[in-house]
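# Report on the structure
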Amino acid sequence: MSKIIIGRYIPGNSIIYKMDPRGKILASFLFIAIIFLANNWITYSILTIFTLLAVIATGLKPKNFWDGVKPFIWIIFFTALLQLFFSSGGKIYWHWGIFTLSSYGLITSIYLFIRFVVIILISTVLTVTTTSLQIADGLEWILTPLKYLKVPVAEIALVMSIALRFVPTLMDETVKIANAQRARGADFNDGSLIQRAKAVIPILIPLFTNSLTVALDLATAMESRGYQENHVRSRYRVLKWSKYDWLNLGYFLLLTLLLMVFRTK
Amino acid sequence: MSKEIISVKNVSFTYRDSKKKVLNNISFTVNKGEWVSIVGHNGSGKSTLTKLLNGLLIADDPKNSAIYIDQLLMSENNVWKIRDKIGIVFQNPDNQFVGATVEDDVAFGLENRNVTRSQMLKIVPEVLKEVDMLPYKKTEPQNLSGGQKQRVAIAGILVVNPEIIILDEATSMLDPEGRNEILSIIRQLQKEKDITVLSITHNIEEINKSDRVLVLNRGNLLKIGTPDEIFAEKTLIEEAGLELPFVYQLKEELKRRGLQIPGSIKTEEELVDYLCQ
Amino acid sequence: MPITLKNVNYTYNSNTPLAHIALTDVNLTIKDNKVTALIGHTGSGKSTLLQLFDGLLKPTTGEVRVNNYVLTSQTKNKGLKSLRKEVGIVFQSPENQLFAETVLKDVMFGPQNFGYSDEEAESAAKKWLKKVGISEELFNRSPFDLSGGQMRRVAIAGVLAYEPKILCLDEPAAGLDPSGKEEILSIFRDYQQQGHGVILVSHDMNDVANFADEVVVMDKGKVAKQDNIHNIFSDPSWLQKHHLNEPESISFSLKLRQRGLNISPAINVKNLADEIIKNRGAINE
């Protein structure tokens, strides 16, 4: 579980860390949309170069990114293999039963491979350089228009930020409860699947009741600190759009432009 | 005569799904700048009392009872004004930490009152300085000790300049060092800003240092008086499940061994002086 | 059943960027059938030690010996259940770990895991629930309907029910009112006197002075001192250096000594009163 790097912030201070989460989220969305513009070796090369430059700009070790790709590597290979052997066209090199190895299959499977990897890399760039709280703030801004549809965006954002704040607390709590039950002889790794599922109950129930206590305590504390539902609240934490963010958007717009120019029409 | 800041008159409280009164016809007053300890068994109604004081709960029979905070009558109209005057530090350091970082948490009370950002940027570091947590401004709660979290909680209520601070067993989950830090910060605030302190506590030395002690047992107010008055009554102490402060324990043991110490001796220093005559 | 630690090091999340050293080169023997207090500043490694005693954690290097069990970094989880029956741990705020539908079933959980039959587990649970002061009409209630103090007792009964040879307690009295605290500590005292070892982690030096025979002082992951209760508390300046206060009776006796009274440091109020009387008698003669 802890091996999945996507979603795990790594502290740093390169230029990408200074960027506004709104810009980074928008850029990531844009990237996923324009990736399908690439359709020949030039455009795929451009895509790869732009992605690698972004990766380098984070200032983090290549290992951090390899950790991001690793959990998906088998899925990527498997899909690429399917593409390789099940599509035909162009020159046919080899043929056996339903399997065909063709020049078309070879090229499309390479493209598919690149597409997967660059998406993972760009998402990793976003998540390793942006705290979950910043992402929540960024998403709140992006969702602002929904206010006009009576969606309580500010409340949702507060709930999200509190939930994120309590993730480490609940993780600690889980470890503590599990240890206490193991000390009482509980076994979480032995027995059949059903036995193991049952063994989790002594962890889940205390975790659930404790979370309820936390929620009630928190509600009491928030109310006595003057929190009122549906009231206008000012904001302490604000996002700041800077020149780096124009640079960020400019970079991806340039990529879009290049892809459009060099793609096969 | 000092100003009356809390006045509770004939207040009872019953939780909706039970018949038993948690508080039974309680009346008392507290003067501005006083430190009053609220003591009693777990479940004697202490926390209910604090929730009534800031309007989180509403007393039974509002016609014949009243709670005044700084001359304001507790009512639906006044409840938010009253909450501006009372800050509560709760028992569990984690369960009152709302913000993602120290500074965010401190700003929470200001955000709720729609204070402008430029004002917040001024106030937040000021109050963090008062509790000696400014260097931890950007720290996340999971990287703080219990005592540090409670200091942040104090900063979080200081932002609105409360007249009254209620400590709801605020130091019971801390180690001795954390507890002493919190108490000395609150003592300083009491002195400098003339803040009134109500402290629910089992800590006997803290009780002994307070101006007055309010003893609750099963929802009844047994007595409110100075620590001396309270500790002189043995049956009261037993009923309320309290232990005696060290000096009183020692006097008791010496008496048992035939050495009677005069009642006028109440502090360690006085007892040392007496024994070394 | 003595516990011996030899050159034990423990590092949390070792080999990751989050590595954090909790214990360095700990050598320690905890004697049989005594009350041993583990004291030290928050983060000094006390809780880590407790978890090494029953194999919830395994030493990063070095070895932990509990009776015939030897725990090293290579020890597999498989055989540890029988060790955990011998070494029971009551964690901090144990009431947060209750889960079963009834009080009785929750207390039976441990014994059943350790191979008691249902009847045996039930009679053990009933016996220990009564000993900790839970009345019979509560046995079939949900543990979540009880008061905080009662929940604490149920959780403690849940460990006592399989009668571990060594009982480890992490701040068992924290947050209880004074009368509740005394009752709970006396339960543990009884348990020790029936021939079990008790290990107590506590910040309250008065409790330690009243309750413990031996003391282990931890500081920054190392054993700073191990001695009997009298010797530990006889040097207040040393205690202060390790962020510990002394029991009030010790500091009071020292104040008297500074004023010229010939009184040996007393670890609790009763001793202190005896000393004072003795001293006055000597003067009067």
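Quick caveat, the model's predicted, so the values are computed rather than measured.

This next bit is on the interface of chain B and chain C. The interface is formed by 25 residues belonging to chain B together with 25 residues belonging to chain C. Buried area between chain B and chain C, summed over both chains or domains, comes out near 2600 Å², and the portion from carbon and sulfur atoms is 60%. A per-residue breakdown of the area chain B buries against chain C is headed by Phe 246, Arg 257 and Leu 275 of chain B, which together make up 22% of the total. Inspection of the chain B/chain C interface yields four salt bridges. When the shortest N-O distance is used, the salt bridge between Lys 255 of chain C and Glu 269 of chain B registers 3.8 Å. Run the count over chain B and chain C and you get five residue pairs in polar contact (both at pLDDT 80 or more).

In many reports, interface size means the accessible area that the parts give up when they come together. The interface is formed by 26 residues belonging to chain A together with 35 residues belonging to chain B. Of the roughly 2900 Å² buried between chain A and chain B on both sides combined, carbon and sulfur atoms contribute 53%. The largest share of the area that chain A buries against chain B comes from Arg 165, Arg 225 and Tyr 236 of chain A, three residues that together contribute 34% of it. Taken together, chain A and chain B are joined by five salt bridges. Residue Arg 83 of chain B is joined to Glu 223 of chain A by a salt bridge in which the shortest nitrogen-to-oxygen separation is 3.2 Å. Along the contact surface separating chain A from chain B lie 18 residue pairs in polar contact (both at pLDDT 80 or more). It is helix α9 (residues 201-224) of chain A that contributes the most residues to the side of chain A that touches chain B, nine residues altogether.

What follows covers the packing of aromatic side chains. With the rule as written, the count across this model stands at 16 aromatic pairs over all chains. Note on Phe 31 of chain A and Phe 252 of chain A: the rings are 6.0 Å apart at their centroids and 85° apart in plane angle, and the pair reads as edge-to-face. Pair noted here: Phe 31 of chain A is in helix α1 (residues 21-34) and Phe 252 of chain A is in helix α10 (residues 243-262), with a separation of 221 residues, a long-range link. Just as Phe 31 of chain A is buried, Phe 252 of chain A falls in that class too. Here the aromatic rings of Tyr 227 of chain A and Phe 108 of chain B are separated by 6.1 Å at their centres, their planes lie at 20°, and the arrangement is stacked. One end of the pair, Tyr 227 of chain A, is in the loop between α9 and α10; the other, Phe 108 of chain B, is in helix α3 (residues 102-112), on a second chain. Like Tyr 227 of chain A, the residue Phe 108 of chain B is buried in the burial classification. A connected cluster of aromatic rings, assembled from ring pairs, spans Phe 31, Phe 50, Tyr 251 and Phe 252 of chain A. One Lys or Arg, Arg 22 of chain A, reaches over the ring of Trp 141 of chain A and ends 5.1 Å from the middle of that ring. In this arrangement the basic side chain of Lys 243 of chain A is found over the ring face of Tyr 244 of chain A, its NZ or CZ atom lying 5.1 Å from the centre.

This next bit is on the confidence of the model for chain A. A residue-level look at chain A finds 97% of positions with pLDDT of 70 or above and a mean pLDDT of 87. When the criterion is pLDDT under 50, residues 1-6 of chain A qualifies, and its contacts beyond four places in sequence or with other chains add up to 14 contacts.

Right, let's talk about the environment of Leu 143 of chain A for a bit. Residue and element names in this part refer to chain A. Looking at where Leu 143 falls in the secondary structure, it is placed in helix α6 (residues 132-143). The class of Leu 143 is partly exposed, set by a relative accessible area of 36%. With 34 residues separating them along the chain, Leu 143 and Ser 109 place their C-alpha atoms 36 Å apart.

Okay, the UniProt feature "transmembrane region" (unreviewed entry) in chain A next. When the UniProt feature table is mapped to this numbering, "transmembrane region" (unreviewed entry) covers residues 21-38, 72-94, 106-128, 148-167 and 243-262 of chain A. Across residues 106-128 of chain A, the secondary structure splits into 100% helix and 0% strand, with the terminal C-alpha atoms separated by 33 Å.

The next point concerns the nonpolar core. Core analysis: the biggest nonpolar cluster contains 53 residues, and Leu 129, Leu 167 and Phe 233 of chain C have the highest contact counts within it. A total of seven residues in this core trace back to one element, the largest contributor, which is helix α5 (residues 148-160) of chain C. There are two domains that each give this core at least three residues, and those are domain 1 (1-92 + 171-176 + 197-229) and domain 2 (96-164) of chain C. Non-local contacts of Leu 129 of chain C, meaning those with residues more than four positions away in its chain, are made with Val 103, Leu 104, Val 107, Ile 134, Phe 139, Val 154 and Ala 157 of chain C. Core analysis: the next-biggest nonpolar cluster, separate from the first, contains 35 residues, Val 152, Ala 170, Ile 185 and Ile 186 of chain B among them.

Calculation rules
- Residues numbered from 1 in each chain as written.
- Chains lettered and ligands numbered in written order.
- Predicted model: local features only at pLDDT ≥ 70, side-chain atom pairs only at ≥ 80, totals over all residues.
- Heavy atoms only, no water.
- Contact = heavy atoms within 4.5 Å.
- Buried area = accessible area lost by both parts, 1.4 Å probe.
- Salt bridge = Lys/Arg side-chain N within 4 Å of Asp/Glu carboxyl O.
- Polar contact = N/O pair within 3.5 Å; in protein donor to acceptor, adjacent residues only side chain to side chain.
- Helix = DSSP H or I, 4+ residues; strand = E, 2+ residues; numbered from the N terminus.
- Phe/Tyr/Trp six-rings, centres within 6.5 Å; stacked < 30°, edge-to-face > 60°.
- Buried < 20%, exposed > 50% of the residue type's maximum accessible area, 1.4 Å probe, protein only.
- Lys NZ or Arg CZ within 6 Å of the ring centre and 35° of its normal.
- pLDDT = per-residue confidence, 0-100.
- UniProt positions renumbered as here; feature names shortened; annotations may be inferred.
- Core = buried A, V, L, I, M, F, W, Y, C linked by side-chain atoms within 4.5 Å.
- Domains from an automatic or database assignment.

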